[in-house]
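Okay, here's what each chain looks like letter by letter:
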Amino acid sequence: MSRPAETPTPPSRERVRRHSWLRVFLPVLLILVWLAGASFGGPLFGKVDEVSSNDQTTYLPESADATTVQQLLGEFNDSDAIPAIAVFTSDQELTQTELDAISDAVADAPSVEGVADDVSPALPSDDGKAVQAFIPIEGDAELADTTTALGEELRAAVPDGVTVYITGPAGFSADLVAGFSGIDGLLLGVALLAVLVILVLVYRSFLLPLVVLSTSLFALCVALLVVWWLAKWEILLLSGQTQGILFILVIGAATDYALLLVARFREELRVAQDKGVALRAAWKGSVEPIVASGGTVIAGLLCLLLSDLKSNSTLGPVAAIGIVFAMLSALTLLPSLLLLFGRAVFWPRRPRLEPEVVAEEHGMRTTGLWARLAGAVKRRPRVIWIVTTLVLLAGAAGVTQLDAVGVPQSDLVLGASEARDGQVALGEHFPGGSGSPVSVVVDEERMQDAADVLLSNDGIDGVTVTAADSPSGSAPIDEDGITAVGPPGTPAPDPTVVDGQVLLQGTLTDAADSAEAAATVRELRVELDDLGAIVGGVTATSVDTNDASIHDRNLIIPVILLVIMLILMLLLRSILAPVLLILTTVLSFGTALGVSALVFNGIFAFPGADPAVPLYGFVFLVALGIDYNIFLMTRVREESKQHGTREGILRGLSITGGVITSAGLVLAATFAALSVIPILFLVQLAFIVAFGVLLDTFVVRSLLVPALTYDIGKAIWWPSALWRRGKP
């Protein structure tokens, strides 16, 4: 005999009071903790340059020849100075008076703060229309400020009609420093403004965008606090490039996760009077996709640890730290703020309590764009996914036009560049590789053999050889592209011997960052291999960087695909669905890369792309693009348990359409903000990721995935229990 139902005992006043106190205390405590973290991390935005470096050799693998030579250079000379080349040109042959004035200006160069004392003499060109001088910049000097001051000092000292350029390694490094200078202010401001505008337009609310942006900004401040100290302790390497990506990634990801929770909170407020009850339900419904999404991104980023190139391997943990705090802020700080504000956060469009309306809708929107799109998928799923796939494949065909084998150092910075102009002027009057020598380290007993290879007519064209510690300069190039050592009329001194090794340095005929110079270095390595010699220098560093980057790209992309597929299998308890989701994401990436290649070549006329551009684009597009599939498919799976697979697909599409579209727009806008930094790599990455995210949002997740899964039906969940079950 069944017992009569018992009347629930009402909670005591003390319990209610304790619960109300906890509801207020815990959110306030969490907000104060985040505020404290942000107060320590915020001031570090202007101090990142103290712990970062843009020196390319710092990021090479330990095994690279260029790295080994760079480490040995300090043993052959005690200076850590960075060479700058001052180039003086005139339309007419320089007079003796002008030459004397230039010589005096060069001799006075050490009076500029940050310039080392051991400047070279002024060296005139054969045609008499140019002079070059090698002026070292101290390693601890503010590079951009010093080169600017040096240029101003030299221009003030030379006669009218003489043009002065500061180029060479110091000049190009100063360009990079100047290019990255806008990261702390301009980049962050543009990204936050873009997100704010989108949120205001989408939600038509004034308070909600500020709450969401506060969540993102606090996450970034705390992430920067952790990354800054890890870089300070030399646990992580930090560069301007990594810094910019960290800023954009945290803002975009934290905002996406916040929008998912906000959307669920708004849904629950329609059926729950109490904001605490609504928030708990929203948090429970959001925590799985947020953690799964963030975990997928982190796993993809940590795959970069497999990279030989340190610029890649260090980006992985730095960006992963940012994603961790983006998730934490969305799951702790944002709920605390939402609980304090309640319905008021959506003002002036506060969600009304309307459980009857929700019951009539059965939780599914029956009007609006996404309801109509769900209807179209229901009517013609096969036509939609086949046509969409063909269009994407057509776009992906442009991948064959992508020139991602490296770009000259002179093209890394977009816009005006004194260093680039100076290199052009240098190449018109002197060997193009002046100031950026190729360095050869060889055993002392094999020094003559190495020199014979370099100087032999059957050896390497395009190199002028000097002893490592001879005065700067070179003799004229003969018809074979090779000449004797030292400046004209100056015999080469005996080279310095360190641990039985000597250093030979050669001046390349072609510009150090040119394809011709790279080919010369590769040929040198082949010819000198039998002698056990290793080749380094600026050109060799570029060659080794490109080679390592191509190796990383070929290794890491398949690993990321495998890792993300395994995560999706665990999340969706299926094999077929993750495989199809990965294939659609790869197709989307191929289309984004193909269209980008056509835009880069046909519209912007870029000189090419770094080999790391496709790798970074893949990491962010696949790891972030899969987020939207996770947001969609976790909701589809949730709905399928109650309504069946096909109905669940339509419901999931209509319910998540608005929030995923908003998240895609935000992420595309934040990555597009990278284009305000005049660095070729970041501009190209900004376009690829922004375009790819929009493609994922409006085409792949809205049309291809729903139509394909609807056409397949419940078999999409094979071999899980959801595939085996009958009607719900």
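This structure is a prediction, so every number in the text was calculated from the model and none was measured. (Residues numbered from 1 in each chain as written. Predicted model: local features only at pLDDT ≥ 70, side-chain atom pairs only at ≥ 80, totals over all residues. Heavy atoms only, no water.)

1. Observations concerning the overall build of the protein chain
Next up, step 1: A tally of regular secondary structure across the protein chain gives 23 helices and 9 strands.
Next up, step 2: A buried classification covers 56% of the 728 residues belonging to the protein chain.
Next up, step 3: A separation of at least 24 residues holds for 81% of the contacts in the protein chain among residues at least 6 apart in sequence. (Helix = DSSP H or I, 4+ residues; strand = E, 2+ residues; numbered from the N terminus. Buried < 20%, exposed > 50% of the residue type's maximum accessible area, 1.4 Å probe, protein only. Contact = heavy atoms within 4.5 Å.)

2. Focus on the environment of Leu237
Next up, step 1: Its location among the elements puts Leu237 in the loop between helix H7 (207-232) and helix H8 (240-269).
Next up, step 2: The exposure class assigned to Leu237 is partly exposed, which follows from its relative accessible area of 26%.
Next up, step 3: Expressed as a C-alpha distance, the spacing of Leu237 and Val51, which sit 186 residues apart in the sequence, is 8.2 Å.

3. Notes on unusual backbone geometry
Next up, step 1: Residues Trp347 and Pro348 are joined by a peptide bond in cis, for which omega reads 10°.
Next up, step 2: By the element assignment, Pro348 lies in the loop between helix H11 (315-341) and helix H12 (355-361).
Next up, step 3: Of note, the amide linkage connecting Trp718 to Pro719 takes the cis form, showing an omega dihedral of 5°.
Next up, step 4: Positive phi is not limited to glycine here, since Arg204 has a value of about 50°.
Next up, step 5: Tracing the backbone shows Arg204 in the loop between helix H6 (183-203) and H7.
Next up, step 6: By relative accessible area, which is 55% here, Arg204 ends up exposed.

4. So, the packing of aromatic side chains
Next up, step 1: A full pass over the atoms with the stated rule returns 13 aromatic pairs.
Next up, step 2: Plain terms: the ring middles of Phe206 and Trp347 are 6.1 Å apart, the flat faces sit at 45° to each other, and that makes the pair tilted. Here Phe206, found in the loop between H6 and H7, pairs with Trp347, found in the loop between H11 and H12; they are 141 residues apart in sequence, far enough to count as distant.
Next up, step 3: Residue classification places Trp347 among the partly exposed residues on the basis of a relative accessible area of 45%.
Next up, step 4: Members of the aromatic cluster, joined through ring pairs, are Phe600, Phe604, Phe606, Phe687 and Phe691. (Phe/Tyr/Trp six-rings, centres within 6.5 Å; stacked < 30°, edge-to-face > 60°.)

5. Here we look at the sheet that holds strand E2 (residues 123-124)
Next up, step 1: A sheet is described by the order of its strands in space; here 4 strands give the open sequence E2-E3-E1-E4, paired in antiparallel fashion. The sheet is open, and its two borders are formed by E2 and strand E4 (163-167), each paired with just one other strand.
Next up, step 2: Looking at chain direction, E2 and strand E3 (residues 130-137) are connected through 2 bridges and run antiparallel. Within E3, the position partnered with Leu123 by the bridge is Gln132.
Next up, step 3: Here helix H5 (residues 168-180) sits on the sheet and contacts strand E1 (82-89), E3 and E4; the angle it forms with E1, its principal contact strand, is near 100°. (Pairing = 2+ DSSP bridges. Axes fitted to C-alpha atoms, helices over the stretch in contact; angles between N-to-C directions.)

6. Regarding helix H18 (residues 538-572)
Next up, step 1: For H18, with 35 residues, the first-to-last C-alpha span of 49 Å sits near the 51 Å given by 1.5 Å per residue.
Next up, step 2: At Ile556, H18 is deflected by roughly 25°, the largest bend along its length, and proline Pro558 occurs up to four residues later in sequence.
Next up, step 3: Of the residues trailing H18, Arg573 is marked for its positive phi of about 55°. (Expected span 1.5 Å × (residues − 1). Bend = angle between axes of the 7 residues up to and from the residue.)

7. Brief notes about a nonpolar patch on the surface
Next up, step 1: Side chains of Val24, Val28, Leu32, Leu35, Leu340 and Phe341 sit close together on the surface and give an oily, nonpolar patch of about 490 Å² of accessible area.
Next up, step 2: Elements supplying a minimum of two residues to the nonpolar patch: helix H1 (13-41) and H11.
Next up, step 3: With respect to the helices and strands, the residue Val24 is situated in helix H1. (Patch = residues over 30% accessible without salt bridge, like charges linked within 9 Å, V, L, I, M, F, W, Y side chains within 5 Å. Areas by Shrake-Rupley, 256 points an atom, 1.4 Å probe, with all protein chains shown as cover. Salt bridge = Lys/Arg side-chain N within 4 Å of Asp/Glu carboxyl O.)

8. Side note on the pattern of salt bridges
Next up, step 1: Scanning the model with the defined rule gives 10 salt bridges in all.
Next up, step 2: In the salt-bridge network here, residues are joined through shared partners; they are Glu267, Arg635, Glu639, Glu647 and Arg651.

9. Some details on the packing of H8 against H11
Next up, step 1: At their nearest, the axes of H8 and H11 sit 8 Å apart, and the two run at 30° to each other. In terms of orientation, H8 and H11 fall into the roughly parallel class. Our pair here, H8 against H11, has a crossing hand that is right-handed. For the pair formed by H8 and H11, the contact residues are Thr242, Ile245, Leu246, Leu249, Val250, Ala253, Ala254, Tyr257, Ala258, Leu261, Val262 and Phe265 on the first element and Leu315, Val318, Ala319, Gly322, Ile323, Ala326, Met327, Ser329, Ala330, Leu334, Pro335 and Leu338 on the second.
Next up, step 2: Taken together, the residues of the contact of H8 with H11 break down into 21 nonpolar, 3 polar and no charged. (Parallel < 35°, antiparallel > 145°, perpendicular 65-115°, else oblique. Left-handed = near helix turned anticlockwise from the far one by under 90°. Nonpolar A, V, L, I, M, F, W, Y, C, P; charged D, E, K, R; others polar.)

10. Focus: the side chain of Thr167
Next up, step 1: For Thr167, the location among the structural elements is in strand E4.
Next up, step 2: With relative accessibility at 1%, the residue Thr167 sits in the buried group.
Next up, step 3: At a separation of 2.8 Å, a polar atom in the side chain of Thr167 contacts the main-chain carbonyl oxygen of Ala419. (Polar contact = N/O pair within 3.5 Å; in protein donor to acceptor, adjacent residues only side chain to side chain.)

11. Side note on the pairing of E1
Next up, step 1: Of all 8 residues in E1, 6 are buried, a share of seventy percent or more.
Next up, step 2: Pairing geometry for E1 and E3, over 8 bridges, is antiparallel. Note on E3: the bridge partner recorded for Thr89 is Ala130.

12. So, the nonpolar core
Grouped burial of nonpolar side chains is what soluble globular proteins tend to show.
Next up, step 1: Of all hydrophobic cores here, the largest spans 166 residues; its most connected members are Tyr257, Leu301, Tyr616, Phe620 and Phe671.
Next up, step 2: Setting aside residues no more than four positions away along its own chain, Phe620 makes contact with Ile245, Leu249, Leu301, Leu315, Gly625, Phe671, Leu685 and Val689.
Next up, step 3: Counting residues in hydrophobic clusters, the runner-up holds 24 residues, among them Ala84, Val106, Val131 and Ile135. (Core = buried A, V, L, I, M, F, W, Y, C linked by side-chain atoms within 4.5 Å.)

13. Description of helix H22 (residues 680-712)
Next up, step 1: For H22, the principal kink sits at Val700 and spans about 50°.
Next up, step 2: Among the residues trailing H22, Gly713 stands out with phi positive, at a value near 80°.

14. Some remarks on the packing of helix H14 (residues 381-396) against H22
Next up, step 1: Taken N-terminus to C-terminus, the directions of H14 and H22 make an angle of 135°; their axes are 8 Å apart at the nearest point. Classified by the interaxial angle, the pair formed by H14 and H22 is oblique. Judged by the twist between their axes, the crossing of H14 over H22 is left-handed. From H14, Pro381, Arg382, Ile384, Trp385, Thr388, Thr389 and Leu392 reach across to H22, where they touch Leu695, Val699, Val700, Leu703, Leu704, Ala707, Leu708, Tyr710 and Asp711.
Next up, step 2: Its residues assigned to classes, the contact of H14 with H22 comprises 12 nonpolar, 2 polar and 2 charged.

15. Looking at the pairing of E4
Next up, step 1: When you tally the buried positions in E4, you get 4 out of 5 residues, the bulk of the element.
Next up, step 2: As paired strands, E1 and E4 are joined by 5 bridges and run antiparallel to one another. Across the sheet, the residue bridging to Val87 is Tyr165, located in E4.

16. Observations regarding the side chain of Thr661
Next up, step 1: Counting through the fold element by element, Thr661 comes out in helix H21 (residues 645-672).
Next up, step 2: For Thr661, the residues in contact, after removing those within four places along its chain, are Trp370, Thr697, Phe698 and Arg701.

17. Focus: the confidence of the model for the protein chain
Next up, step 1: Taken residue by residue, the protein chain gives an average pLDDT of 82. The fraction at 70 or more is 87%.
Next up, step 2: Averaged pLDDT values for the elements of the protein chain fall to 51 in strand E6 (residues 463-467) and rise to 94 in H14.
Next up, step 3: In this model, residues 1-9 is a region of pLDDT below 50 whose contacts with residues beyond four sequence positions or in other chains number 0 contacts.
Next up, step 4: In the model, residues 466-492 has pLDDT below 50 throughout and makes 64 contacts with residues more than four positions away in sequence or in other chains. (pLDDT = per-residue confidence, 0-100.)

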